[in-house]
Structure formats: structure tokens, C-alpha cells
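Residues per chain, in single letters:
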Protein chains: 2
Amino acid sequence: MQKIVLIGAGNVASHLFTAFQKTETVHIIQVYNRSNGALKHFEKKVATTTSLAALKSADIYIVAVSDAAVRNVITQINPTNGLIVHTSGSVPLLNSSNRNGVFYPLQTFSKQTSVNFSDIPICIEATTSKDLETLRTLGKSISHKIFSISTEQRKKLHLAAVFACNFTNHLYALAEKICTENNVPFETLYALITETARKAQTTSPKNVQTGPAVRSDSETIAAHLQQLTTPKLKEIYTLLTQSIQAENESKL
Amino acid sequence: MQKIVLIGAGNVASHLFTAFQKTETVHIIQVYNRSNGALKHFEKKVATTTSLAALKSADIYIVAVSDAAVRNVITQINPTNGLIVHTSGSVPLLNSSNRNGVFYPLQTFSKQTSVNFSDIPICIEATTSKDLETLRTLGKSISHKIFSISTEQRKKLHLAAVFACNFTNHLYALAEKICTENNVPFETLYALITETARKAQTTSPKNVQTGPAVRSDSETIAAHLQQLTTPKLKEIYTLLTQSIQAENESKL
């Protein structure tokens, strides 16, 4: 049984709490938050505290607070011998006199939506191989996708996620704008959006690129550019078309 | 019962054939293809022909051939009184002396993957409201998402799909490239990709934009730009970041 103190009461902390509660190998013994309000939700289920000085002795301290607060919180934790991990994608493995690690579930969490952790990749990092194994055991209790990822790799992963998720979402938003401006329900694109996301997970997305750019269909490209209503949209269309063609040059 | 002649034996035709065969209201009486090879698959189940002059009398002729061939094929069909529809997103409603229409299933079909039509939007168009109702009935036999979309709207939809699907897939490919170059499994992004696509279908994607751009987190943006290895990637990152900020200006 792994004894856990959970630091934080936000989205990630709440979802982790729910997930660990369903396991038989992990026991959350305490939840900390700096203010009482967010602890209300936990009080009936577990011991809570608003004082970092009052943390119980545990095997692992999971610090699930905002990126900006991680360092400050960790320096205030004084464990007798526990491992201190944070859950942030963008904060490096901290080197201190304590045992430190990273336990980063790579998903975007919202308050309302319940989460099935089993498919969520958990990226782990630690200073010693023993601590890494401890984190692997912790991760496996809720997910079957555990990846050992270094701080340097995690940085690149964060960058890749901007392309695959933040920028992708923006393209959805632009597509919705085009639909709305022309009285077409955005809903007509849902099946295609789902299938595009699904396909990228069964084969390399580069190998299933479709559309006028990869076909070098200059007639359609010209017609599309003519229909776009703002210079910014034309610029995005042109740049991504060029990029598709450059990446697929060997296939042309 | 709607009597159908299916023109074409490619991906779309094959998937439509399979879907209509499961209905009790649609009866495919014949499949045409210009060559015999692709008809092999149909021969045991339905009458086939390689001659457009030998088409049977039907309620609806569905022309599911390549975009480039649609017009030419349709002009060669001489129905006694049937409705002739094509399945192409980029070909307009054809005006001829015959009754014409469009029956466009908005999905990307691959040979290997079986298709559940019930969630696939079918965009229909016809010259008369009676023919439009006929197509609605036909569509409803396989899908519960039927949209009446004009030729002009279909053009915009095609353009929007380039953003939501072709360009999105390219961003997946760029993310995969960043991962591969840094020995990070692209698989770590799967859950996030799925969730981003799911979320865009429950709320307007503009309202759930996340990442450094929408937060105006200039420190992270600068760090990301520094990590990108090619001028093209930097250019894409900068342009999409600017576009996110412009679209969300009112929120900043």
C-alpha cells in the first residue's frame, strides 16, 4: 500500500483523488490546500489541512498546484523521508536535498467532465531508479500507459502538444467561423473531426494526409484562397499548404 | 421502398452499398462500374453492368465516382424518370433536363475501415422540394444527421473541412515530428488529441482555447520559438499564435 498526501485541491488534484480512491494499492491519507474553501469537497472522505507544517508522514507527496506555485510549495514541504513529486508538464525535475520526482498526467482536465484515467499517459521522472519504480507502481494503479520522460523530453512534449492540441483547437475555431458566417452548422464537421483524430492514432498522420495541398490541386487551392475573407486566414491557408507540400515532397 | 441504381464501385459506393443493404426501405437493384474488376465484389449480391446504356429503371441513381468524372458520367445517364444524385462535396448541383440532386456523406472513407453511417452527416440538395424530401428519406434510412445544404454552402463547408481536418492532420504530423526528433513516443499525445476533438463537439472551440497564446504567456512562447528547429515551424507557431490572440482579443 502506497501512502499519499495530496497537495492541492484543483482540477488535477480532484481527478487524481477520485482515481486513487478506486484503487486497492494507493491510500490517500491527507489533502492539503492553502484555503479551506476547496477542501470542503474532501473533508468527509479524508483528513485535510491548510498548513504545510502539519503534513502527515507519507510515502509520496503529490504536489498538484498551479505551475507558478510548484517550486514555492515544494520548498516548504519537509517530509521525513517521502518522495515529493509535482504534476506539471512545464516545471523541471527539482533538485533539492529531498527526494524529488514528476508525476505528470498528460490530459486536459475540466471540472465538469469525469475522467477515465486508464488511457491517460502518465509521464514519470525521478532522480533514482528506485523512486522511478515507485512512481511506475503508483501510475499503474490508475493507468496502463506509463512513460519515463526526462525534463528535456517533457519540454519538447509540451511544445508538440501546442501543435497537436492548442493550434488544432484554433483550426477548429476557424472552421467554425467559416461555417457560421455561411449559415452552415459546424456540426456537419463533427464526424470528420473525430475520424481525423482517430486515424492519427492508428497510423502516422503524415501517411494519411489528404486534401488539396498534398494532391497539389492548385485549382482548388486558388478557389479556396479566393473565398477566404481576411488576410490572416489567407496567410494561414498559404503557410500550412506550403508546409504540407514541403513535408510530403518525397511523395510528390 | 426506394429502388436504387448505384454508379461506381469505389470506397464511397462500397460503403453506401453495405449501409443500404441493412435497411428495409432501400433496395439496390443494380451496380454499374466502367470496368469489371471492381464489380467482382458485388456480383453475388446484385445485378451489375459495365454499360451506362444498360441501366435499369430506378427511383434514384447514385453517382459515386471521382469528382473529375461526375459530370461526364451524369450526362451519359438517360433515366426514364429517376432522380440523379452525385456524392461529391466539391461538384455543384448539376442543371440539366433531368432531375438532379446531391447526396454527400461528409466523411473520409478508407477501404479497410468499416463505417457506422448513423453519425455521418449527409448533405442533401435538389431542385424541387419533392426531390429533397426523397433524398431526406433515403438519407434517414442510414443516418440520423441529414442537412439540407446548398451548392454555395457546400463550397464553404469544403473550405472549412480543410482547416478542421487536412490542416489539423498536418499539425498532428508536425507534433509527431517534434516527438520523434526528441525520442518521445507520439502515443503520449493520443489522449489529448482525442479529448481536444471531443471537446470541440460539446462547446464552441473558441470558448475552450487553451495554451500559451490565449494566456499571452510571452515567456513560454519565446521558449517554444527558441526550441523549434526550422524557420517554417517558427513561422507556423508565430502565425497561429497571432491568430489565436486576434480571435480572442475581446477576452484578453
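Residues numbered from 1 in each chain as written. Chains lettered and ligands numbered in written order. Predicted model: local features only at pLDDT ≥ 70, side-chain atom pairs only at ≥ 80, totals over all residues. Heavy atoms only, no water.

Digging into the overall build of chain A
Here is step 1 of the chain: A tally of helices and strands in chain A yields nine helices and eight strands.
Here is step 2 of the chain: Oriented by its inertia axes, the alpha-carbon framework of chain A measures out at about 70 × 40 × 30 Å.
Here is step 3 of the chain: With 252 residues in all, chain A has 55% of them scored as buried.
Here is step 4 of the chain: If you take every contact in chain A between residues at least 6 apart in sequence, the share linking residues at least 24 apart comes to 52%.
Here is step 5 of the chain: Per element, the accessible surface of chain A, about 11,200 Å² overall, is 49% carbon and sulfur. (Helix = DSSP H or I, 4+ residues; strand = E, 2+ residues; numbered from the N terminus. Buried < 20%, exposed > 50% of the residue type's maximum accessible area, 1.4 Å probe, protein only. Contact = heavy atoms within 4.5 Å. Areas by Shrake-Rupley, 256 points an atom, 1.4 Å probe, with all protein chains shown as cover.)

A short note on the environment of A:Q227
Here is step 1 of the chain: Looking at the secondary structure, you find A:Q227 in helix α8 (residues 218–227).
Here is step 2 of the chain: Sequence separation between A:Q227 and A:S96 is 131 residues, and the spatial gap between their C-alpha atoms is 57 Å.
Here is step 3 of the chain: With residues near it in sequence (within four places) discarded, A:Q227 still touches B:K155, B:K156 and B:L159.
Here is step 4 of the chain: A polar atom in the side chain of A:Q227 sits 3.5 Å from the side chain of B:K156. (Polar contact = N/O pair within 3.5 Å; in protein donor to acceptor, adjacent residues only side chain to side chain.)

With respect to helix α9 (residues 231–247) of chain A
Here is step 1 of the chain: Its 17 residues give α9(A) an end-to-end C-alpha distance of 24 Å, which sits within 8% of 24 Å, the value for a rise of 1.5 Å per residue.
Here is step 2 of the chain: When we look at burial in α9(A), the residues that qualify are A:L233, A:I236, A:Y237, A:L239, A:L240, A:T241, A:S243 and A:I244.
Here is step 3 of the chain: Looking at the buried positions of α9(A), the neighbouring elements they touch are α5 (151–181), α7 (212–215) and α8 of chain A together with α5 (151–181) and α9 (231–247) of chain B. (Expected span 1.5 Å × (residues − 1).)

Section: the side chain of A:D131
Residue and element names in this part refer to chain A.
Here is step 1 of the chain: Mapped onto the fold, D131 is located in helix α4 (residues 129–140).
Here is step 2 of the chain: Here D131 falls in the buried class, since its relative accessible area comes to 5%.
Here is step 3 of the chain: Polar contacts involving the side chain of D131 include one to the side chain of R99, which spans 2.7 Å.
Here is step 4 of the chain: Excluding its chain neighbours within four sequence positions, the residues that come into contact with D131 are L83, R99 and A126.

Some words on the sheet that holds strand β7 (residues 122–126) of chain B
All names here are of chain B.
Here is step 1 of the chain: As summarised here, the arrangement of the eight strands in space is β3-β2-β1-β4-β5-β6-β7-β8, forming an open sheet in which the pairing is mixed. If you trace the sheet from one side to the other, it starts and ends with β3 (47–49) and β8 (146–148), each paired once. Adjacent strand axes in the sheet meet at a mean angle of 25 degrees, parallel and antiparallel pairs treated alike.
Here is step 2 of the chain: Against the sheet, helix α1 (residues 11–21) contacts β1 (2–7), β2 (26–32), β4 (60–63) and β6 (99–105), and its axis sits at roughly 150 degrees relative to β2.
Here is step 3 of the chain: The strands that α5 touches are β5 (83–86), β6, β7 and β8; relative to β7, the one it contacts most, it runs at about 155 degrees. (Pairing = 2+ DSSP bridges. Axes fitted to C-alpha atoms, helices over the stretch in contact; angles between N-to-C directions.)

Re the relation of the copies chain B and chain A
Here is step 1 of the chain: Superposition of chain B onto chain A requires a rotation of 180 degrees combined with a translation of 0.0 Å along the rotation axis, giving an RMSD of 0.0 Å. The transformation just described matches what one would write down for a two-fold rotation axis. Using C-alpha coordinates, one finds that chain B approaches the rotation axis most closely at B:T168, a distance of 2.7 Å.
Here is step 2 of the chain: When you check the interface residues of chain B against chain A, 100% turn up at the interface there too, and the contact is symmetric in its surfaces. (Least-squares fit on C-alpha atoms with pLDDT ≥ 70 in both.)

Examining the pattern of salt bridges
Here is step 1 of the chain: One pass over the full model with this rule turns up 14 salt bridges over all chains.
Here is step 2 of the chain: For B:K177, the salt bridge is made with A:E247, and the minimal N-O distance between the two is 2.8 Å. Here B:K177, found in helix α5, pairs with A:E247, found in helix α9, and the two come from separate chains.
Here is step 3 of the chain: Looking at B:K177, the relative accessible area reads 31%, which means it is partly exposed.
Here is step 4 of the chain: With a closest N to O distance of 3.9 Å, B:E152 and B:K155 form a salt bridge. In this pair, B:E152 and B:K155 are both assigned in helix α5, three residues apart and thus about one turn of the helix distant. (Salt bridge = Lys/Arg side-chain N within 4 Å of Asp/Glu carboxyl O.)

Observations regarding unusual backbone geometry
Residue and element names in this part refer to chain B.
Here is step 1 of the chain: Not every positive phi belongs to a glycine, and N183 is a case in point at roughly 55 degrees.
Here is step 2 of the chain: With respect to the helices, strands and loops of the structure, N183 is situated in the loop between α5 and α6 (190–199).
Here is step 3 of the chain: For S216, which is not glycine, the phi torsion reads 50 degrees and is therefore positive.
Here is step 4 of the chain: Among the secondary structure elements, S216 is positioned in the loop between α7 (212–215) and α8 (218–227).

Digging into the packing of α5(A) against α8(B)
Here is step 1 of the chain: α8(B) packs onto α5(A) with a crossing angle of 100 degrees between their chain directions and a minimal axis gap of 11 Å. When the interaxial angle is binned, α5(A) and α8(B) end up roughly perpendicular. Residues A:K155, A:K156, A:H158, A:L159 and A:V162 of α5(A) lie in contact with α8(B), whose contacting residues are B:T220, B:H224 and B:Q227.
Here is step 2 of the chain: Partitioned by chemical class, the residues of the contact of α5(A) with α8(B) number two nonpolar, four polar and two charged. (Parallel < 35°, antiparallel > 145°, perpendicular 65-115°, else oblique. Nonpolar A, V, L, I, M, F, W, Y, C, P; charged D, E, K, R; others polar.)

Side note on the packing of aromatic side chains
Each pair of aromatic rings is reported with the distance of its centres and the angle of its planes.
Here is step 1 of the chain: Tallying each qualifying case throughout the model produces 14 aromatic pairs over all chains.
Here is step 2 of the chain: Aromatic pair B:F17 and B:F42: ring centres 4.9 Å apart, planes at 90 degrees, arrangement edge-to-face. Placement of the pair is B:F17 in helix α1 and B:F42 in helix α2 (residues 40–43), with a sequence separation of 25 residues.
Here is step 3 of the chain: A residue is classified by how much of its surface remains accessible, and B:F42, at 0% relative accessible area, is buried.
Here is step 4 of the chain: Each member of the aromatic cluster is reached from another via a ring pair, and the members are A:F163, A:F167 and B:Y237. (Phe/Tyr/Trp six-rings, centres within 6.5 Å; stacked < 30°, edge-to-face > 60°.)

So, the sheet that holds strand β4 (residues 60–63) of chain A
Residue and element names in this part refer to chain A.
Here is step 1 of the chain: Ordered by their spatial adjacency, eight strands build an open sheet running β3-β2-β1-β4-β5-β6-β7-β8, and the pairing between neighbours is mixed. Both outer strands of the open sheet, β3 (47–49) and β8 (146–148), are each paired with one neighbouring strand and no more. For this sheet, the mean inter-axis angle between neighbouring strands, taken without regard to orientation, is 25 degrees.
Here is step 2 of the chain: Summarising the sheet, strand β1 (residues 2–7) and β4 pair through four bridges and their orientation is parallel. The residue bridging L6 from the neighbouring strand is I62, located in β4.
Here is step 3 of the chain: Strands β1, β2 (26–32), β4 and β6 (99–105) of the sheet are contacted by helix α1 (residues 11–21), whose axis makes an angle of about 150 degrees with β2.

Keep in mind these numbers describe shape, not what the thing actually does.
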